[in-house]
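# Reading the structure
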Amino acid sequence: MIEIRFHGRGGQGAVTSAELLALAAIEEGKYAQAFPSFGPERRGAPVLAFCRIDDRPIKIRANIYEPDIVVVLDASLLKIVNVAAGLKSGGIIVTTSVESPEKVKEDLKIKNRIGVVDAVKIAREILGLPITNTTMLGSLVRASGLVKKESFLPPLKERFGRIAEKNISAFERAYQETILTQ
């Protein structure tokens, strides 16, 4: 089983990201679940969302404390939240940042692999808003190979309707522009 934890801010689409990832995995015939962790969140407050993917039915229903992959939708969270908490050895962090992956890795004081993309820039240029959810999914797929890019097409089209093409374009561009470390 692969477990993914999403860190974002209210309104950025962390919950939507987890749901879209689960739907893409289901498109491939895998089992998946996605769920948020809600408290008294409000727009702009740090939020968590989770996704599990497996080839067998998933029976666990708890939060994810030791993720294989961490996705960070807002670079400011890198300084105020321990996004690497519990990250498994060999795990990956995928984040939006204008910094190099080596700098992010150094700042987080981790040895894990890092994938970095300027998702905010891409989202602003393509979507007209700094909402990084679909952009970060493209980066996640590039960094992890967890699911195929094509598996996101049906969920993105269903979720976003007439603006799906813009979201697909943001996803694809982030996939291309993600920089990875070992």
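Residues numbered from 1 in each chain as written. Predicted model: local features only at pLDDT ≥ 70, side-chain atom pairs only at ≥ 80, totals over all residues. Heavy atoms only, no water.

### A closer look at the packing of helix H5 (residues 133–144) against helix H7 (residues 164–177)
Each pair of packed helices gets described by two things: the angle between the helix axes and the distance between those axes. Close contact between H5 and H7 brings their axes to 7 Å; oriented N to C, the two are set at 40 degrees. Taken as axis vectors, H5 and H7 run oblique relative to one another. When the axes of H5 and H7 are compared, the crossing they make is right-handed. Within the contact between the two elements, H5 uses Thr-134, Thr-135, Leu-137, Gly-138, Ser-139, Val-141 and Arg-142 and H7 uses Asn-167, Ala-170, Phe-171, Ala-174, Tyr-175 and Gln-176. Partitioned by chemical class, the residues of the contact of H5 with H7 number six nonpolar, six polar and one charged. (Axes fitted to C-alpha atoms, helices over the stretch in contact; angles between N-to-C directions. Helix = DSSP H or I, 4+ residues; strand = E, 2+ residues; numbered from the N terminus. Parallel < 35°, antiparallel > 145°, perpendicular 65-115°, else oblique. Left-handed = near helix turned anticlockwise from the far one by under 90°. Contact = heavy atoms within 4.5 Å. Nonpolar A, V, L, I, M, F, W, Y, C, P; charged D, E, K, R; others polar.)

### Re the environment of Ala-34
As for its placement among the helices and strands, Ala-34 is situated in strand S2 (residues 31–37). Spatially, the C-alpha atoms of Ala-34 and Ser-17 are 9.0 Å apart, while their sequence positions differ by 17 residues. Those residues in contact with Ala-34 that lie beyond four places of it in its chain are Ala-18, Glu-19, Ala-22, Phe-50 and Cys-51.

### Things to note about the side chain of Asn-167
Note on placement: Asn-167 falls in helix H7. On the basis of relative accessible area, Asn-167 is assigned to the buried category, the value being 3%. If we skip the residues at most four places from it in the chain, Asn-167 touches Leu-127, Thr-134 and Phe-160. (Buried < 20%, exposed > 50% of the residue type's maximum accessible area, 1.4 Å probe, protein only.)

### Points about the packing of aromatic side chains
Per the counting criterion, the structure on display carries two aromatic pairs. Between the aromatic rings of Phe-152 and Phe-171, the centroid separation amounts to 4.9 Å while the plane-to-plane angle is 45 degrees, which identifies the pairing as tilted. One end of the pair, Phe-152, is in the loop between H5 and helix H6 (153–160); the other, Phe-171, is in helix H7, and 19 residues separate them in sequence. Phe-171 carries the same exposure label as Phe-152, and that label is buried. The ring of Tyr-175 carries the charged tip of Arg-142 above its face, separated from the ring centre by 5.7 Å. A cation over an aromatic ring shows up here: Lys-149 above the ring of Tyr-175, its NZ or CZ 4.3 Å from the ring centre. (Phe/Tyr/Trp six-rings, centres within 6.5 Å; stacked < 30°, edge-to-face > 60°. Lys NZ or Arg CZ within 6 Å of the ring centre and 35° of its normal.)

### Here's the deal with the layout of surface pockets
Rolled over the atoms, a probe sized like a water molecule indicates the empty space that remains. Its boundaries defined by the atoms lining it, the largest pocket holds a volume of some 200 Å³. Lining the largest pocket, in full, are Ala-75, Ser-76, Leu-78, Lys-79, Ser-97, Val-98, Glu-99, Val-104, Asp-107 and Leu-108. If you list the elements that add at least two residues to the lining of the largest pocket, you get helix H2 (77–80) and helix H3 (101–108). Considering each element in turn, the lining of the largest pocket owes the most residues, three residues, to H3. The space that makes up the second largest pocket amounts to roughly 160 Å³. Considering the residues around the second largest pocket, the lining is formed by Thr-16, Leu-127, Leu-129, Ile-131, Asn-133, Phe-160, Ile-163, Lys-166 and Asn-167. When its residues are assigned to classes, the lining of the second largest pocket shows five nonpolar, three polar and one charged. (1 Å grid on protein atoms, 1.4 Å probe; cavity = no way out; pocket = protein on both sides within 12 Å on 5 of 7 lines; lining within 4 Å. Points joined across faces, edges and corners; volume = space filled by probe spheres on them.)

### Here we look at the sheet that holds strand S1 (residues 2–9)
In space, the seven strands of this open sheet follow the order S2-S3-S1-S4-S5-S6-S7, with mixed pairing throughout. Either end of the sheet is taken by a strand with one partner, and the two such strands are S2 and strand S7 (179–180). Strand direction decides the pairing type here: S2 and strand S3 (residues 46–54), joined by seven bridges, are antiparallel. Residue pairing across strands places Ala-34 opposite Cys-51, the latter belonging to S3. (Pairing = 2+ DSSP bridges.)

### Re H7
For H7, with 14 residues, the first-to-last C-alpha span of 20 Å sits near the 20 Å given by 1.5 Å per residue. Those residues of H7 that fall on the buried side of the exposure criterion are Ala-164, Asn-167, Ile-168, Ala-170, Phe-171 and Ala-174. Down the axis of H7, the sector holding all buried residues measures 160 degrees, keeping them to one side. For H7, the elements touching its buried residues are strand S6 (113–117), helix H4 (119–127), H5 and H6. (Expected span 1.5 Å × (residues − 1). Arc of directions from axis to C-beta.)

Read these as spatial facts, not as claims about activity.
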